[in-house]
Amino acid sequence: MESDKQNFFERVYEVVHQIPRGRVTTYGAIAAFLGSKGSSRLVGWAMNQSHNACPGIPAHRVVNRLGILTGKHHFGSPSMMQQLLENENIRIENDRVVDFRKKFWDPARTL
DNA sequence: AGTCTGACTAGTA
DNA sequence: CTACTAGCCAGAC
């Protein structure tokens, strides 16, 4: 009885907020870490709401499973997300994270 | 109640 | 690489 969906969103913010600088993660990884592997879309939705629910969340560190900046259009400017990542020593090429596998940060692995 | 959309993912062709 | 389908869940109409 304590499966509040609200908890899901709060956990997403918590996990994203704990992403170390210079690292990135995926929606599926967060969703799987929270116990809902198929709800990767919810993570994206949580990010969309994060702007209002939890400002300060490094949503630019969250990309899709291929390391593509799918949500770049939600940062006000389509180049803002890439700029933020490049500011953290993360190289972006063609809207994709270079060496994504190396920069990938697994919440279940650190937490 | 239903229907559509969306910052996803896996599978198939 | 693209295009489509199915599953997933929340929100807006």
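Everything here concerns the structure above.
Summary of the structure given here. None of these values were measured; they are calculated from a predicted model.

**Considering the protein's contact with DNA strand B**
- Surveying the vicinity of DNA strand B reveals 14 residues, the closest of which are Arg 41, Met 47, Asn 64, Arg 65 and His 74.
- Among the atoms of DNA strand B close to the protein, meaning within 4 Å, 52% are from sugar or phosphate groups.
- Met 47 is positioned with one of its backbone polar atoms (N or O) 3.1 Å from a base nitrogen of DNA strand B.
- One of the backbone nitrogen or oxygen atoms of Arg 65 is found 2.8 Å away from a phosphate oxygen of DNA strand B.
- For the surface near DNA strand B, the secondary-structure elements that each account for two or more residues are α2 (27-34) and α3 (40-53).

**What about the nonpolar core?**
- If you look at the biggest cluster of nonpolar residues, it comprises 27 residues, and the most contacted ones within it are Val 12, Val 16, Ile 30 and Met 47.
- Secondary structure elements with two or more residues in this core: α1 (5-17), α2, α3, β2 (62-63) and α4 (80-86).
- For this core, the element with the most residues is α1, which contributes five residues.
- What Ile 30 contacts, discounting residues up to four positions off in sequence, is Val 12, Val 15, Val 16, Thr 25, Val 43 and Val 62.

How each quantity is defined
Residues numbered from 1 in each chain as written. Chains lettered and ligands numbered in written order. Predicted model: local features only at pLDDT ≥ 70, side-chain atom pairs only at ≥ 80, totals over all residues. Heavy atoms only, no water. Near = heavy atom within 4 Å. Polar contact = N/O pair within 3.5 Å; in protein donor to acceptor, adjacent residues only side chain to side chain. Helix = DSSP H or I, 4+ residues; strand = E, 2+ residues; numbered from the N terminus. Core = buried A, V, L, I, M, F, W, Y, C linked by side-chain atoms within 4.5 Å. Buried < 20%, exposed > 50% of the residue type's maximum accessible area, 1.4 Å probe, protein only. Contact = heavy atoms within 4.5 Å.

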